[in-house]
Amino acid sequence: MSTRKHTALPKAQILIEALPWLTRHHGKIVVIKFGGNAMVNEELKAAFAQDVVFLRHAGLKPVVVHGGGPQISAALDKHGIVSEFKAGLRVTTEDAMDVVRMVLVGQVQRELVGLLNQHGPLAVGLTGEDAHTMTATKHTPEIDGESVDIGRVGEITGIDTGALEALLADGRIPVVSSIARSADDGHVYNVNADTAAAAIAAALGAETLMVLTDVEGLYEDWPNSDEVISRLTASQLEKLLPDLSSGMVPKMEGCLHAVRNGVTTARVIDGRVQHSILLEIFTDEGIGTMVVPDEPGGDAQ
(Lines give C-alpha, C1' and ligand atoms only; values in the text may rest on other atoms or scores of the structure.)
Protein backbone atom coordinates (compact mmCIF):
# COMPACT_ATOMS: atom_id res chain seq x y z
CA MET A 1 0.00 0.00 0.00
CA SER A 2 2.74 2.47 0.98
CA THR A 3 4.55 2.16 -2.36
CA ARG A 4 1.31 2.86 -4.20
CA LYS A 5 0.80 5.95 -2.08
CA HIS A 6 4.31 7.19 -2.81
CA THR A 7 4.02 6.80 -6.56
CA ALA A 8 0.51 8.24 -6.78
CA LEU A 9 1.02 11.33 -4.60
CA PRO A 10 3.43 13.21 -6.92
CA LYS A 11 0.98 12.61 -9.77
CA ALA A 12 -1.83 14.15 -7.74
CA GLN A 13 0.38 17.14 -6.86
CA ILE A 14 1.19 17.68 -10.55
CA LEU A 15 -2.51 17.63 -11.42
CA ILE A 16 -3.32 20.06 -8.62
CA GLU A 17 -0.59 22.46 -9.79
CA ALA A 18 -2.33 22.47 -13.17
CA LEU A 19 -5.73 23.34 -11.64
CA PRO A 20 -5.52 27.18 -11.70
CA TRP A 21 -4.23 27.05 -15.28
CA LEU A 22 -6.99 24.63 -16.30
CA THR A 23 -9.56 26.97 -14.78
CA ARG A 24 -8.04 30.04 -16.43
CA HIS A 25 -7.83 28.50 -19.91
CA HIS A 26 -11.11 26.58 -19.90
CA GLY A 27 -13.11 27.25 -23.08
CA LYS A 28 -10.35 29.48 -24.48
CA ILE A 29 -8.86 29.20 -27.95
CA VAL A 30 -5.14 28.45 -28.23
CA VAL A 31 -3.45 28.66 -31.64
CA ILE A 32 -0.31 26.54 -31.96
CA LYS A 33 2.21 26.96 -34.76
CA PHE A 34 3.75 23.53 -35.38
CA GLY A 35 7.22 23.59 -36.90
CA GLY A 36 10.93 22.96 -36.53
CA ASN A 37 12.30 19.73 -35.11
CA ALA A 38 8.96 18.74 -33.58
CA MET A 39 7.84 18.32 -37.17
CA VAL A 40 10.46 15.82 -38.29
CA ASN A 41 11.27 13.79 -35.17
CA GLU A 42 8.82 10.88 -34.73
CA GLU A 43 8.78 10.94 -30.91
CA LEU A 44 8.30 14.69 -30.77
CA LYS A 45 5.51 14.49 -33.35
CA ALA A 46 3.68 11.88 -31.28
CA ALA A 47 4.15 13.92 -28.07
CA PHE A 48 2.88 17.05 -29.86
CA ALA A 49 -0.29 15.21 -30.92
CA GLN A 50 -0.83 13.96 -27.35
CA ASP A 51 -0.42 17.50 -25.99
CA VAL A 52 -2.94 18.97 -28.43
CA VAL A 53 -5.48 16.24 -27.67
CA PHE A 54 -4.88 16.76 -23.94
CA LEU A 55 -5.65 20.48 -24.34
CA ARG A 56 -8.87 19.63 -26.15
CA HIS A 57 -9.94 17.17 -23.42
CA ALA A 58 -8.94 19.68 -20.73
CA GLY A 59 -11.57 22.07 -22.11
CA LEU A 60 -9.40 24.29 -24.30
CA LYS A 61 -9.97 24.82 -28.03
CA PRO A 62 -6.71 24.17 -29.88
CA VAL A 63 -6.12 25.24 -33.50
CA VAL A 64 -2.94 23.99 -35.20
CA VAL A 65 -1.25 25.95 -38.01
CA HIS A 66 1.70 24.43 -39.84
CA GLY A 67 4.23 25.08 -42.56
CA GLY A 68 6.67 22.48 -43.80
CA GLY A 69 10.11 23.93 -44.56
CA PRO A 70 12.21 20.74 -44.30
CA GLN A 71 9.65 18.60 -46.14
CA ILE A 72 9.26 21.21 -48.91
CA SER A 73 13.04 21.44 -49.41
CA ALA A 74 13.29 17.63 -49.66
CA ALA A 75 10.43 17.42 -52.17
CA LEU A 76 11.81 20.26 -54.32
CA ASP A 77 15.18 18.46 -54.40
CA LYS A 78 13.44 15.30 -55.52
CA HIS A 79 11.73 17.24 -58.35
CA GLY A 80 15.03 18.87 -59.31
CA ILE A 81 13.83 22.36 -58.30
CA VAL A 82 16.50 24.50 -56.63
CA SER A 83 15.55 26.09 -53.29
CA GLU A 84 16.55 29.73 -53.17
CA PHE A 85 15.92 32.16 -50.31
CA LYS A 86 15.72 35.95 -50.53
CA ALA A 87 15.01 38.20 -47.53
CA GLY A 88 14.56 35.03 -45.46
CA LEU A 89 11.71 33.80 -47.69
CA ARG A 90 11.66 30.90 -50.12
CA VAL A 91 11.52 32.01 -53.75
CA THR A 92 8.46 30.12 -54.98
CA THR A 93 8.08 29.66 -58.73
CA GLU A 94 4.87 28.30 -60.21
CA ASP A 95 6.40 24.79 -60.40
CA ALA A 96 7.65 25.10 -56.83
CA MET A 97 4.18 26.23 -55.68
CA ASP A 98 2.62 23.00 -56.99
CA VAL A 99 5.14 21.04 -54.92
CA VAL A 100 4.62 23.26 -51.84
CA ARG A 101 0.88 22.74 -51.97
CA MET A 102 1.25 19.01 -52.49
CA VAL A 103 3.66 18.65 -49.55
CA LEU A 104 1.75 20.87 -47.10
CA VAL A 105 -1.71 19.53 -47.79
CA GLY A 106 -0.98 16.00 -49.00
CA GLN A 107 1.84 15.08 -46.66
CA VAL A 108 2.45 17.25 -43.57
CA GLN A 109 -1.22 17.99 -42.87
CA ARG A 110 -2.35 14.41 -43.49
CA GLU A 111 0.28 13.03 -41.13
CA LEU A 112 -0.64 15.49 -38.39
CA VAL A 113 -4.37 14.84 -38.79
CA GLY A 114 -3.61 11.10 -38.62
CA LEU A 115 -1.58 11.45 -35.41
CA LEU A 116 -4.31 13.51 -33.73
CA ASN A 117 -7.04 11.15 -34.88
CA GLN A 118 -5.40 8.16 -33.24
CA HIS A 119 -7.03 9.64 -30.12
CA GLY A 120 -10.55 10.02 -31.54
CA PRO A 121 -12.45 11.68 -34.42
CA LEU A 122 -10.99 15.08 -33.59
CA ALA A 123 -8.81 16.67 -36.25
CA VAL A 124 -10.01 18.18 -39.52
CA GLY A 125 -7.47 19.44 -42.06
CA LEU A 126 -8.05 22.59 -44.08
CA THR A 127 -5.95 25.13 -45.92
CA GLY A 128 -6.19 28.89 -46.09
CA GLU A 129 -8.03 28.31 -49.40
CA ASP A 130 -10.94 26.51 -47.71
CA ALA A 131 -13.95 28.76 -47.04
CA HIS A 132 -11.67 31.80 -47.62
CA THR A 133 -10.03 31.10 -44.28
CA MET A 134 -7.00 33.10 -45.48
CA THR A 135 -6.81 35.53 -48.38
CA ALA A 136 -3.46 36.82 -49.58
CA THR A 137 -1.85 39.15 -52.03
CA LYS A 138 1.55 38.82 -53.69
CA HIS A 139 4.37 39.74 -51.32
CA THR A 140 7.20 41.76 -52.81
CA PRO A 141 9.98 42.28 -50.26
CA GLU A 142 12.48 45.12 -50.48
CA ILE A 143 16.15 44.20 -50.52
CA ASP A 144 18.59 47.13 -50.40
CA GLY A 145 15.80 49.50 -51.39
CA GLU A 146 14.80 47.44 -54.45
CA SER A 147 11.51 45.53 -54.77
CA VAL A 148 12.28 41.88 -55.49
CA ASP A 149 9.96 39.35 -57.13
CA ILE A 150 10.06 36.11 -55.14
CA GLY A 151 7.20 34.42 -56.98
CA ARG A 152 4.20 32.86 -55.26
CA VAL A 153 4.85 34.16 -51.77
CA GLY A 154 1.83 35.77 -50.21
CA GLU A 155 1.03 38.41 -47.67
CA ILE A 156 -2.20 37.90 -45.71
CA THR A 157 -4.93 40.41 -46.52
CA GLY A 158 -7.85 38.81 -44.75
CA ILE A 159 -8.96 36.01 -42.41
CA ASP A 160 -12.46 34.54 -42.43
CA THR A 161 -12.86 32.55 -39.22
CA GLY A 162 -16.26 31.03 -40.11
CA ALA A 163 -15.05 27.50 -40.89
CA LEU A 164 -12.64 27.46 -37.93
CA GLU A 165 -15.35 28.62 -35.51
CA ALA A 166 -17.79 26.02 -36.82
CA LEU A 167 -15.21 23.25 -36.32
CA LEU A 168 -14.33 24.48 -32.81
CA ALA A 169 -18.03 24.68 -31.88
CA ASP A 170 -18.30 21.05 -33.00
CA GLY A 171 -15.43 20.03 -30.71
CA ARG A 172 -12.98 19.46 -33.58
CA ILE A 173 -9.32 20.43 -33.84
CA PRO A 174 -8.67 22.41 -37.05
CA VAL A 175 -5.27 21.76 -38.68
CA VAL A 176 -4.51 24.59 -41.10
CA SER A 177 -1.91 24.54 -43.91
CA SER A 178 -0.41 27.97 -44.55
CA ILE A 179 -1.37 28.56 -48.15
CA ALA A 180 -3.90 31.13 -49.33
CA ARG A 181 -5.66 32.20 -52.49
CA SER A 182 -5.46 35.76 -53.73
CA ALA A 183 -8.57 37.81 -54.36
CA ASP A 184 -6.58 39.94 -56.86
CA ASP A 185 -5.31 37.35 -59.32
CA GLY A 186 -6.86 34.06 -58.19
CA HIS A 187 -3.42 32.48 -57.71
CA VAL A 188 -2.52 30.35 -54.71
CA TYR A 189 0.29 31.68 -52.51
CA ASN A 190 2.68 30.21 -50.00
CA VAL A 191 2.33 32.14 -46.72
CA ASN A 192 4.82 32.14 -43.85
CA ALA A 193 3.29 29.82 -41.22
CA ASP A 194 4.39 31.99 -38.25
CA THR A 195 2.62 34.97 -39.80
CA ALA A 196 -0.44 32.86 -40.62
CA ALA A 197 -0.69 31.50 -37.06
CA ALA A 198 -0.49 35.03 -35.61
CA ALA A 199 -3.15 36.38 -37.99
CA ILE A 200 -5.47 33.46 -37.21
CA ALA A 201 -4.92 33.86 -33.44
CA ALA A 202 -5.79 37.57 -33.64
CA ALA A 203 -8.86 36.97 -35.84
CA LEU A 204 -10.17 34.26 -33.50
CA GLY A 205 -9.53 36.36 -30.38
CA ALA A 206 -7.40 33.52 -29.04
CA GLU A 207 -6.22 33.48 -25.44
CA THR A 208 -2.75 32.28 -26.47
CA LEU A 209 -0.53 31.94 -29.52
CA MET A 210 2.22 29.34 -29.11
CA VAL A 211 5.04 29.10 -31.64
CA LEU A 212 7.22 25.97 -31.54
CA THR A 213 10.86 26.64 -32.42
CA ASP A 214 14.22 24.91 -32.25
CA VAL A 215 15.57 27.23 -29.56
CA GLU A 216 14.71 27.60 -25.88
CA GLY A 217 13.08 30.97 -26.39
CA LEU A 218 14.32 34.49 -26.98
CA TYR A 219 17.85 34.89 -25.64
CA GLU A 220 18.83 37.86 -23.49
CA ASP A 221 22.16 38.52 -25.19
CA TRP A 222 22.87 35.89 -27.83
CA PRO A 223 25.56 34.65 -28.60
CA ASN A 224 27.23 35.95 -25.41
CA SER A 225 24.70 34.36 -23.10
CA ASP A 226 22.10 31.62 -23.27
CA GLU A 227 19.85 33.26 -20.66
CA VAL A 228 16.28 33.11 -21.97
CA ILE A 229 14.01 36.12 -21.48
CA SER A 230 10.97 34.57 -19.81
CA ARG A 231 8.58 37.51 -20.18
CA LEU A 232 8.54 40.78 -22.09
CA THR A 233 6.02 43.39 -23.18
CA ALA A 234 5.08 44.25 -26.76
CA SER A 235 7.11 47.49 -26.61
CA GLN A 236 10.17 45.75 -25.20
CA LEU A 237 9.95 43.18 -28.00
CA GLU A 238 9.55 45.87 -30.65
CA LYS A 239 12.87 47.43 -29.55
CA LEU A 240 14.63 44.04 -29.85
CA LEU A 241 13.27 43.13 -33.31
CA PRO A 242 15.98 44.87 -35.43
CA ASP A 243 18.72 42.83 -33.71
CA LEU A 244 17.12 39.38 -33.94
CA SER A 245 18.37 36.57 -36.19
CA SER A 246 16.43 36.29 -39.46
CA GLY A 247 14.74 33.00 -38.46
CA MET A 248 13.37 34.50 -35.25
CA VAL A 249 11.99 37.66 -36.90
CA PRO A 250 8.73 36.23 -38.37
CA LYS A 251 8.10 34.34 -35.12
CA MET A 252 8.58 37.38 -32.90
CA GLU A 253 6.77 39.71 -35.33
CA GLY A 254 3.91 37.20 -35.20
CA CYS A 255 3.90 37.31 -31.38
CA LEU A 256 3.93 41.12 -31.48
CA HIS A 257 1.05 41.24 -34.00
CA ALA A 258 -0.97 38.80 -31.86
CA VAL A 259 -0.68 40.65 -28.54
CA ARG A 260 -1.26 44.02 -30.22
CA ASN A 261 -4.48 42.62 -31.71
CA GLY A 262 -6.29 41.14 -28.74
CA VAL A 263 -4.42 37.88 -28.00
CA THR A 264 -3.70 37.73 -24.25
CA THR A 265 -0.25 36.10 -24.43
CA ALA A 266 2.06 34.89 -27.20
CA ARG A 267 4.79 32.41 -26.42
CA VAL A 268 7.82 31.03 -28.22
CA ILE A 269 8.64 27.58 -26.87
CA ASP A 270 11.21 24.90 -27.50
CA GLY A 271 9.61 22.23 -29.66
CA ARG A 272 12.62 19.95 -29.07
CA VAL A 273 11.39 19.32 -25.51
CA GLN A 274 8.75 16.59 -25.30
CA HIS A 275 5.41 17.92 -24.01
CA SER A 276 6.70 21.51 -24.10
CA ILE A 277 3.14 22.74 -24.75
CA LEU A 278 1.80 21.23 -21.52
CA LEU A 279 4.82 22.46 -19.56
CA GLU A 280 4.24 25.98 -20.86
CA ILE A 281 0.47 26.13 -20.32
CA PHE A 282 0.02 24.16 -17.11
CA THR A 283 3.06 24.82 -14.92
CA ASP A 284 4.02 27.80 -12.79
CA GLU A 285 7.47 28.14 -14.35
CA GLY A 286 6.60 27.88 -18.05
CA ILE A 287 9.55 27.12 -20.29
CA GLY A 288 9.77 29.62 -23.15
CA THR A 289 9.49 33.35 -23.77
CA MET A 290 6.11 34.93 -23.14
CA VAL A 291 5.09 38.20 -24.81
CA VAL A 292 2.31 40.21 -23.16
CA PRO A 293 0.50 43.38 -24.23
CA ASP A 294 1.75 46.69 -22.83
CA GLU A 295 0.07 47.80 -19.62
CA PRO A 296 -2.83 50.10 -20.52
CA GLY A 297 -1.76 53.68 -19.87
CA GLY A 298 1.43 52.33 -18.34
CA ASP A 299 4.91 53.31 -19.32
CA ALA A 300 6.09 51.12 -22.17
CA GLN A 301 9.38 50.17 -20.51
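Refer to the preceding data block for the structure.
Keep in mind that what you see is a predicted model, and the values were worked out from it rather than measured.

Asks: Describe the packing of aromatic side chains, listing the residues and the values that go with them.
Replies: The way to describe two aromatic rings as a pair is by their centre distance and the angle between their planes. Considering all chains together, one arrives at 2 aromatic pairs under this definition. Ring centres 5.9 Å apart and planes at 65° place the aromatic pair Phe-54 and Phe-282 in the edge-to-face group. Residue Phe-54 is found in helix H2 (residues 42-57), and its partner Phe-282 is found in helix H9 (residues 276-282); the two are separated by 228 residues along the sequence. A relative accessible area of 40% means that Phe-54 is categorised as partly exposed. Given a relative accessible area of 7%, Phe-282 falls into the buried group.

Asks: Give a detailed account of the sheet that holds strand S9 (residues 154-159), specifying residues and quantitative values.
Replies: The 4 strands lie next to each other as S9-S6-S11-S12, forming an open sheet whose pairing is mixed. Either end of the sheet is taken by a strand with one partner, and the two such strands are S9 and strand S12 (188-190). Mean inter-strand twist for the sheet, computed between neighbouring axes without regard to direction, equals 50°. The sheet contacts of helix H6 (residues 193-204) involve strand S6 (134-138) and S9, and relative to S9 the element is tilted by about 10°.

Asks: So, the side chain of Thr-265: which residues are in play, and what are the values?
Replies: By secondary structure assignment, the location of Thr-265 is in strand S17 (residues 265-270). Its relative accessible area of 9% is what places Thr-265 among the buried residues. Side-chain polar atoms of Thr-265 contact the side chain of Arg-267, separated by 3.1 Å. Those residues in contact with Thr-265 that sit more than four places away from it in its chain are Glu-207, Thr-208, Leu-209, Val-259, Met-290, Val-291 and Val-292.

Asks: Can you break down the nonpolar core residue by residue, with the values?
Replies: Membership of the largest hydrophobic core comes to 44 residues, with the highest contact counts inside it found for Ile-32, Phe-48, Leu-55 and Phe-282. Of all the elements, helix H4 (residues 94-116) adds the most residues to this core, at 11 residues. The residues contacting Phe-282, other than those within four sequence positions of it, are Glu-17, Ala-18, Trp-21, Leu-22, Phe-54, Leu-55, Ala-58 and Leu-60.

Asks: Please give an account of a negative patch on the surface that cites residues and values.
Replies: Together, Glu-216, Glu-220, Asp-221, Asp-226 and Glu-227 make up a negatively charged patch on the protein surface. Among the structural elements, Glu-220 can be located in the loop between strand S14 (218-219) and strand S15 (228-229).

Cut-off values and rules
Residues numbered from 1 in each chain as written. Predicted model: local features only at pLDDT ≥ 70, side-chain atom pairs only at ≥ 80, totals over all residues. Heavy atoms only, no water. Phe/Tyr/Trp six-rings, centres within 6.5 Å; stacked < 30°, edge-to-face > 60°. Helix = DSSP H or I, 4+ residues; strand = E, 2+ residues; numbered from the N terminus. Buried < 20%, exposed > 50% of the residue type's maximum accessible area, 1.4 Å probe, protein only. Pairing = 2+ DSSP bridges. Axes fitted to C-alpha atoms, helices over the stretch in contact; angles between N-to-C directions. Contact = heavy atoms within 4.5 Å. Polar contact = N/O pair within 3.5 Å; in protein donor to acceptor, adjacent residues only side chain to side chain. Core = buried A, V, L, I, M, F, W, Y, C linked by side-chain atoms within 4.5 Å. Patch = residues over 30% accessible without salt bridge, like charges linked within 9 Å, V, L, I, M, F, W, Y side chains within 5 Å. Areas by Shrake-Rupley, 256 points an atom, 1.4 Å probe, with all protein chains shown as cover. Salt bridge = Lys/Arg side-chain N within 4 Å of Asp/Glu carboxyl O. Lys, Arg positive; Asp, Glu negative; His and termini not counted. Charge placed at Lys NZ, Arg CZ, Asp CG, Glu CD.

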